[in-house]
Amino acid sequence: MISEQVTLPEVQVMYVESSAGLAGASEAFDRLEARFPSLKGRKFYGTFQPPAGPYRACTAIEPTDDATALGLKTSAIPGGKYARRKLLNWQTRMPEIGTAFQSMAKEGERDSSRPSIEFYRSEKELILFLPTK
């Protein structure tokens, strides 16, 4: 499967960092989601800076959000050129996420200054973004 090339804007996010790298991704999302009364309408991202991390569970900052009151750190997911690939029914295919990123990295020159991004579009659809030069 060949990845599509796209250009993304910078996204301001609030996040929880996993102390266990990729292995702690699910736990980091549990801690992030627990801060909100409702997840409806929120945009969720996972970012990972290879090779050693960190992994961050993120949500886009909405105009009414107060990161300090929520006890969350803030950052920006960098914009720029990315290779994009879709993974359907991702919840049953978690091991394939890393494999897909590895495959994408073989297609072009990775920009190691920016993190890889997982965009959780829905409970069925995950979009993977690998930064490229």
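Everything below is about the structure shown above.
A. Up close: helix H1 (residues 25–33). Considered for burial, the residues of H1 that qualify are Ala25, Ala28, Phe29 and Leu32. Down the axis of H1, the buried set is contained in an arc of 100°. They therefore lie on one face. On the buried face of H1, the contacting elements are strand E2 (11–17), strand E3 (44–48), strand E4 (55–60) and strand E7 (116–120).

B. Focus on the nonpolar core. If you look at the biggest cluster of nonpolar residues, it comprises 24 residues, and the most contacted ones within it are Phe29, Leu32, Tyr120, Leu126 and Leu128. Elements represented by at least two residues in this core include exactly E2, H1, E3, E4, strand E6 (80–88), helix H3 (95–105) and strand E8 (125–131). What Leu128 contacts, discounting residues up to four positions off in sequence, is Ala83, Arg84, Arg85, Ile97, Ala100, Phe101, Met104, Ile117 and Glu118. The next biggest cluster of nonpolar side chains, apart from the first, holds 13 residues, and it includes Val6, Tyr15, Cys58 and Phe129.

C. Summary view of the pairing of E4. Here E4 lies mainly inside the structure; five of its six residues are buried. Examined bridge by bridge, E2 and E4 share five bridges and lie antiparallel to one another. The residue of E4 that forms the bridge with Val16 is Ala57. Bridge count for E3 against E4 is five bridges, and the pairing is antiparallel. For Gly46, the partnering residue across the bridge sits in E4 and is Ala57. If you look at the hairpin formed by E3 and E4, you'll find six residues sitting between the two strands, and Gly53 has a positive phi there, around 110°.

D. The arrangement of the side chain of Thr132 in detail. Tracing the chain through its elements places Thr132 in the segment after E8. The residues touching Thr132, leaving out its near neighbours within four places in the chain, are Gln5, Lys81, Tyr82, Ala83, Glu109, Arg110, Asp111 and Arg114.

Reading the values: rules and limits
Residues numbered from 1 in each chain as written. Predicted model: local features only at pLDDT ≥ 70, side-chain atom pairs only at ≥ 80, totals over all residues. Heavy atoms only, no water. Buried < 20%, exposed > 50% of the residue type's maximum accessible area, 1.4 Å probe, protein only. Helix = DSSP H or I, 4+ residues; strand = E, 2+ residues; numbered from the N terminus. Arc of directions from axis to C-beta. Contact = heavy atoms within 4.5 Å. Core = buried A, V, L, I, M, F, W, Y, C linked by side-chain atoms within 4.5 Å. Pairing = 2+ DSSP bridges.

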